[in-house]
Amino acid sequence: LFSVVASQCSVSSGINAEYGQWSGNIDPSSGLQKYRLKNFATEAEAAAANYSITHKGHCGSCSSLQDLGVYIRQNLTDVTTKCSIKGIISRRWQNCCLKRLGFSDHCASIWSYNIFNTKKRCLWICLWQKIISEPYNRPDGSLNDCLQCDEDKSGPNFKYFSGRTRRNSGIPSSIQRPGSQVYNMEHCYWYGDVNETCIRNKPVGKMDLR
């Protein structure tokens, strides 16, 4: 499955707000243009329907372009770790920390649950990795025990409910992953007049990703 942003006509043939990849409807509370998300079985089906892929896999709690902006503009591994430390004191502090990063409500919730479950299942392993300051990746490229525990115990649930991950969105992170796990794509969404060229893994043009 491929999750995509709705387009009224192909991206290459029109960038006008009414006919480009936006719906033409304005959200009165924010003044931003609306869009739709839809699942397709293949890239070819998405292209034939004039949709732009936003990540591989089904749509989920983090599939919005708001959450894409959060994923792209910062090192999520470091900042979400800081949020998890606040969660030791209060889960509310943890949620507030995630929201301040810019996550949508639904995406912040699945991240919060992921952190909670990893602490429950991997706490002592991760504390030890923190004490010895082991890098995210070992010399052979494998994950350290903490990240591997998170991958095994929380990863499947997170991937299913979030929809978007950095890997299936083609976004690099401080955790090194095999190239086969990272979807090769570029992000380019806009409305209005755009003169810039799309940059791989970086949205350009007049779009608020906050």
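It should be noted that the structure appears before, not after, this text.
In this numbering scheme, every chain counts its residues from 1 along its sequence in written order. For a predicted model such as this one, the threshold for reporting local features is a pLDDT of at least 70, and the threshold for listing and counting side-chain atom pairs is 80 or more; totals across whole chains, interfaces and linings nevertheless cover every residue. Heavy atoms from the whole structure form the basis of all side-chain values; hydrogens and water molecules are not counted.

**Focus on the state of the cysteines**
Then comes step 1: Note on terminology: pairs of cysteine sulfur atoms within 2.5 Å are recorded as disulfides. One pass over the structure, following the stated rule, counts four disulfides.
Then comes step 2: Here Cys62 is linked by a disulfide to Cys107, with a sulfur-sulfur distance of 2.0 Å. Disulfide Cys62-Cys107: torsion about the S-S bond near 100 degrees, hence right-handed. On the criterion of sequence distance, the pair formed by Cys62 in the loop between β3 (52-56) and α2 (65-72) and Cys107 in helix α5 (residues 105-132) is long-range, its members being 45 residues apart. The same class applies to Cys62 as to Cys107, namely buried.
Then comes step 3: Unpaired in terms of disulfides, Cys96 finds its nearest cysteine sulfur in Cys97, a separation of 8.8 Å. In this description a helix means any DSSP run of H or I spanning at least four residues, a strand means any run of E spanning at least two, and both kinds are numbered starting from the N terminus. Burial classification: accessible surface area is computed with a 1.4 Å probe over protein chains only, and a residue below 20% of its type maximum counts as buried, one above 50% as exposed, and the rest as partly exposed.

**Structural notes on the packing of aromatic side chains**
Then comes step 1: By convention, a stacked pair of Phe, Tyr or Trp rings (six-membered ring in the case of Trp) has centres within 6.5 Å and planes under 30 degrees apart, an edge-to-face pair has planes over 60 apart, and any other such pair is tilted. The final tally for this structure, using the stated rule, is five aromatic pairs.
Then comes step 2: Between Tyr160 and Phe161, the ring centres sit 5.0 Å apart and the planes meet at 85 degrees, which makes this aromatic pair edge-to-face.
Then comes step 3: Residue classification places Phe161 among the partly exposed positions, given a relative accessible area of 43%.
Then comes step 4: An aromatic cluster of at least three residues, connected via ring pairs, comprises Tyr71, Phe103, Trp111 and Phe158.
Then comes step 5: Note on criteria: charge over ring means Lys NZ or Arg CZ within 6 Å of the ring centre, with the direction from the centre no more than 35 degrees off the ring normal. Stacked on the ring of Phe116, the Lys or Arg Arg91 has its end atom at 4.3 Å from the ring centre.

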